[in-house]
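Survey of secondary and tertiary structure
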Amino acid sequence: MSIIFIRHGETLLNAARTIQPADTPLAPRGLAQAEHMAARVRALKPAAILASDMPRAWQTAEAISRQTGLHPVSTDLLWERNFGDLRGVSHDSLSFNAMEMLEAPANGESMADFHARITQALAFAASHRACIDGPLIVVSHGLVIKALLENNVDLGPHALPERIGNTSLTIISAQSPHRAELVNCTAHLVGTGLAEGEHSLSGG
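Residues numbered from 1 in each chain as written. Predicted model: local features only at pLDDT ≥ 70, side-chain atom pairs only at ≥ 80, totals over all residues. Heavy atoms only, no water.

**Focus: the overall build of the chain**
When helices and strands are tallied, the chain shows five helices and six strands. When its helices and strands are written in sequence order, the chain yields β-α-α-β-α-β-α-β-α-β-β. Compactness check: the chain gives a C-alpha radius of gyration of 16 Å against a globular reference of 17 Å for 204 residues, within 12% of the reference. Taken along its principal axes, the extent of the C-alpha atoms in the chain is 45 × 35 × 30 Å. Per element, the accessible surface of the chain, about 8,800 Å² overall, is 55% carbon and sulfur. For the chain, the distance from the average position of its 15 positive side-chain charges to the average position of its 20 negative side-chain charges is 6 Å. (Helix = DSSP H or I, 4+ residues; strand = E, 2+ residues; numbered from the N terminus. Rg over C-alpha atoms; globule rule 2.2 N^0.38 Å. Areas by Shrake-Rupley, 256 points an atom, 1.4 Å probe, with all protein chains shown as cover. Lys, Arg positive; Asp, Glu negative; His and termini not counted. Charge placed at Lys NZ, Arg CZ, Asp CG, Glu CD.)

Quick look at the structure:
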C-alpha cells in the first residue's frame, strides 16, 4: 500500500539556478533521466499516475505512461509553489533564499498557503490510492515533495533532504499516519552520466 512521489527531470533553468516560469519544459538531460526513472517504475507495477500538468512534470509523467500504458491524471494541487514575479529571476541574484521565504512574492503564494495546498494534495492522492489495486505514482516538484516530507510524513530513520533530486523516488505508506519507506532515491541514474549537478536548483 504505497504512494510513490517523483520529482520531474532536469530543466535548463534548474541547472542555471533560475526560478522557473510555469511553462518550463524538460531539458534533453531531463528527458533522458525520465526514461531511466520510468524503466525503474515499470518494475514496481504501478496502477495509476497523478501528475502536475506543468510541462516539466507532465513530460516526466508521459515517460512513465509510455513504459506502463497508464494515462496520467492531472491536478493543480501538485503544482510547484507559485513564486509570482520572481519567476524567471536568477536565484543567486537575490539577497535572500526565495525557496524559504515565508511571505508571498508579488502575485505569488505564501509558504503557509503552499503547505496547506500540499496537505490537500496528499489527501487527494491517498483517496485515489484507496480506489486502485497497486502503487500510485505521483509526479510533482522539488518543493512539493520536500513540504510533504516536512509536514505530513513520519520520516522514521530517514533525514529530511536539503534538496530533492531530479527524477528521485520518495515512497510513503498510503494510509495515515503516512510513513516514509524510501526518500529521495536516484539509484536509477547511477552510472548513467545523468546524475544532476549538486548546485542545480531544487524547486521553484
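Text resumes after the structure shown.
**Here's the deal with the side chain of S173**
On the secondary structure map, S173 appears in strand β5 (residues 169-173). By relative accessible area, S173 is classed as buried at 15%. From its side chain, S173 meets the backbone nitrogen of R179 in a polar contact 2.8 Å long. Apart from the residues lying within four places of it in its own chain, the contact partners of S173 are M1, H178, R179 and E181. (Buried < 20%, exposed > 50% of the residue type's maximum accessible area, 1.4 Å probe, protein only. Polar contact = N/O pair within 3.5 Å; in protein donor to acceptor, adjacent residues only side chain to side chain. Contact = heavy atoms within 4.5 Å.)

**A word on the pairing of β5**
Burial analysis of β5 places five of its five residues in the buried class, the great majority of the element. The alternating pattern of β5 places L169, I171 and S173 and T170 and I172 on opposite faces, both of which are buried. Both β5 and strand β6 (residues 180-185) contribute to a ladder of three bridges, which runs antiparallel. Across the sheet, I172 pairs through a bridge with A180, a residue of β6. Taking the residues between adjacent antiparallel strands as the criterion, β5 and β6 are bridged by six residues. (Pairing = 2+ DSSP bridges.)

**Here we look at the pattern of salt bridges**
Under the criterion given, the structure shown has six salt bridges. Measuring nitrogen to oxygen at the nearest pair gives 2.9 Å for the salt bridge that ties R117 to E109. Exposure remark for R117: the relative accessible area of 12% places this residue in the buried category. You can call E109 buried: its relative accessible area is 13%. Salt bridges here are not isolated pairs; linked through shared partners, they connect R7, R163 and E196. (Salt bridge = Lys/Arg side-chain N within 4 Å of Asp/Glu carboxyl O.)

**Points about the side chain of H141**
Following the sequence through the fold, H141 ends up in the loop between β4 (136-140) and α5 (142-152). Judged by its relative accessible area of 0%, H141 is buried.

**Considering helix α2 (residues 28-42)**
Counted at 1.5 Å a residue, the expected span for α2 with its 15 residues is 21 Å, and the 21 Å between its end C-alpha atoms agrees. Those residues of α2 not exposed but buried are G30, Q33, A34, M37, A38 and V41. All buried residues of α2 fall inside an arc of 140° around its axis, so they share one side. At its buried positions, α2 is contacted by β1 (2-7), α3 (55-68), β4 and β5. (Expected span 1.5 Å × (residues − 1). Arc of directions from axis to C-beta.)

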